[in-house]
Amino acid sequence: MESGESLDLFDVRRLLIGEDIPYAFLAEVILRTAVMFFIVLIVLRLSGKRGIKQLSVFELAIIISLGSAAGDPMFYEDVALLPAILVFIVVISLYKLITYLTGHFEKVEEFVEGKPVKLIENGKIIYKNFLNESLAYDELFSQLRQQSVSHLGQVKFAYLETSGDLSVFYFPDDKVIPGLPILPSIYNFPCKEFVMKKTYSCTHCGALRPGIQEMGSCKTCEGNEWLLASDEPRLR
Ligand SMILES: [Zn+2]
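Residues numbered from 1 in each chain as written. Predicted model: local features only at pLDDT ≥ 70, side-chain atom pairs only at ≥ 80, totals over all residues. Heavy atoms only, no water.

Scanning the protein from terminus to terminus reveals eight helices and seven strands. Expected size for 236 residues packed as a compact globule is a radius of gyration near 18 Å; at 27 Å, the protein overshoots this value by more than 25%. With respect to the three principal axes, the spread of C-alpha positions in the protein is 80 × 55 × 30 Å. Of all 236 residues assigned to the protein, the portion counted as buried reaches 34%. A separation threshold of at least 6 residues defines the contact pool for the protein, and within that pool the share at least 24 residues apart is 56%. Side chains of the protein carry 23 positive and 29 negative charges; the gap between the two charge centres is 14 Å. (Helix = DSSP H or I, 4+ residues; strand = E, 2+ residues; numbered from the N terminus. Rg over C-alpha atoms; globule rule 2.2 N^0.38 Å. Buried < 20%, exposed > 50% of the residue type's maximum accessible area, 1.4 Å probe, protein only. Contact = heavy atoms within 4.5 Å. Lys, Arg positive; Asp, Glu negative; His and termini not counted. Charge placed at Lys NZ, Arg CZ, Asp CG, Glu CD.)

Looking now at the packing of helix α2 (residues 25–46) against helix α4 (residues 81–104). Where α2 meets α4, the closest approach of the two axes is 11 Å, and the angle between their N-to-C directions is 10°. It follows from the interaxial angle that α2 and α4 lie roughly parallel. Taken together, the residues of α4 that come into contact with α2 (itself represented by Arg32, Val35, Met36, Ile39, Val40, Val43 and Leu46) are Leu81, Ala84, Ile85, Phe88, Ile92 and Lys96. Residue composition of the contact of α2 with α4, by class: eleven nonpolar, no polar and two charged. (Axes fitted to C-alpha atoms, helices over the stretch in contact; angles between N-to-C directions. Parallel < 35°, antiparallel > 145°, perpendicular 65-115°, else oblique. Nonpolar A, V, L, I, M, F, W, Y, C, P; charged D, E, K, R; others polar.)

Further remarks concern the pattern of salt bridges. Summed over the entire model, instances satisfying the criterion amount to two salt bridges. Here Arg32 and Glu28 are joined by a salt bridge, their closest N and O atoms 2.8 Å apart. You can see Arg32 and its partner Glu28 sitting in helix α2, four residues apart, about one turn around the helix. We classify Arg32 as buried; its relative accessible area is 8%. Taking the relative accessible area as the measure of exposure, Glu28 reaches 36% and is therefore partly exposed. Close ionic contact of Lys118 with Glu121 constitutes a salt bridge, the shortest N to O distance being 3.4 Å. Assessed through its relative accessible area of 23%, Lys118 is described here as partly exposed. (Salt bridge = Lys/Arg side-chain N within 4 Å of Asp/Glu carboxyl O.)

The subject of this paragraph is helix α7 (residues 137–146). When we look at burial in α7, the residues that qualify are Tyr137, Leu140, Phe141 and Leu144. Considered in projection along α7, the buried side chains sweep an arc of 95° and stay on one side of the axis. In α7, the exposed positions that point more than 90 degrees away from the buried face belong to Asp138 and Gln146. Looking at the packing, one finds that the buried side of α7 touches β1 (117–121), β2 (124–125), α6 (127–132), β3 (155–160), β4 (166–170) and α8 (184–187). At the exit of α7 stands Ser148, carrying a positive phi of roughly 65°. (Arc of directions from axis to C-beta.)

Pairing within the open sheet is antiparallel, and its three strands lie in the order β6-β5-β7. With one partner strand each, in any of the chains shown, β6 (208–210) and β7 (226–228) form the two edges of the open sheet. Sheet twist, expressed as the average angle between the axes of neighbouring strands with direction ignored, equals 40°. Note that strand β5 (residues 199–202) and β6 share three bridges and pair antiparallel. Within β6, the position partnered with Ser201 by the bridge is Leu208. (Pairing = 2+ DSSP bridges.)

The phi torsion at Asn122 lies on the positive side, around 50°, for a residue other than glycine. Within the fold, Asn122 resides in the loop between β1 and β2. Phi is positive for Lys197, which is not a glycine, with a value near 75°. The topology assignment puts Lys197 in the loop between α8 and β5.

Turning our eyes to something else, we now look at the nonpolar core. Here is a general trend for soluble globular proteins: nonpolar side chains tend to be buried in one another's company. Counting residues in hydrophobic clusters, the biggest one holds 31 residues, and the most contacted among them are Leu119, Ile120, Leu140, Phe141, Leu144 and Leu152. Elements with a contribution of two residues or more to this core: β1, α6, α7, β3, β4, β5 and β7. A per-element tally of this core places α7 first, with four residues. Once you skip the residues sitting within four places of it in the chain, Leu144 turns out to touch Ile120, Val149, Leu152, Val155, Leu166, Val168 and Ile182. Judged by nonpolar contacts, the second largest core, of 15 residues, contains Met36, Ile62, Ala70 and Met74. (Core = buried A, V, L, I, M, F, W, Y, C linked by side-chain atoms within 4.5 Å.)

Domains assigned within the protein are domain 1 (9–110) and domain 2 (117–228). Placing the centre of domain 1 and that of domain 2 at their C-alpha centroids yields a distance of 43 Å. (Domains from an automatic or database assignment.)

Set out below in structure tokens:
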């Protein structure tokens, strides 16, 4: 850009196409876009992916690498097609190489894709695994609610998959155990008074404890908010 003084703000021609570019360049944009579009299409088909629902970090890295190589040559007059195509060839070759390595070496797979992490076991949050993952409680609870889970005692296991999806395994209705309610209307209002013989759950890790007058803090996570545990079956 030239100095601020010579910049003609809101110059219509500069806004629409750029100062030194003839309008005929738009015809070239059509050709450039068509070429890059078909290259992207062919390369994605060759990569063997059938579609994209949740991207792993590895796939996201590829999309980011390819993104500007695909888009820039479509409309920047000084970005040529061949270098962009070379970028595609290199990134897809690396993709194929790394896919091969992840298939043959477990360590490479762990590094590239990560591994599934168990977040819930027998209705309790596995607190130490949770701390290592960049997942917030409200995110976990939200995903569980989408599976019609109203309290953690309905969940036997939950795994955070490498794609970011949550896999949930349920207790059958007659085996549901008391657990931490996760409906916002209940979860956001921790108990102030406690009743003997009722079971309470730590809002932070789901640990259970029978009610006493002074509940104090949780032995597992040192949280100090408690909710009356629910043992309702899952509604579907
Ligand atoms: Zn706790």
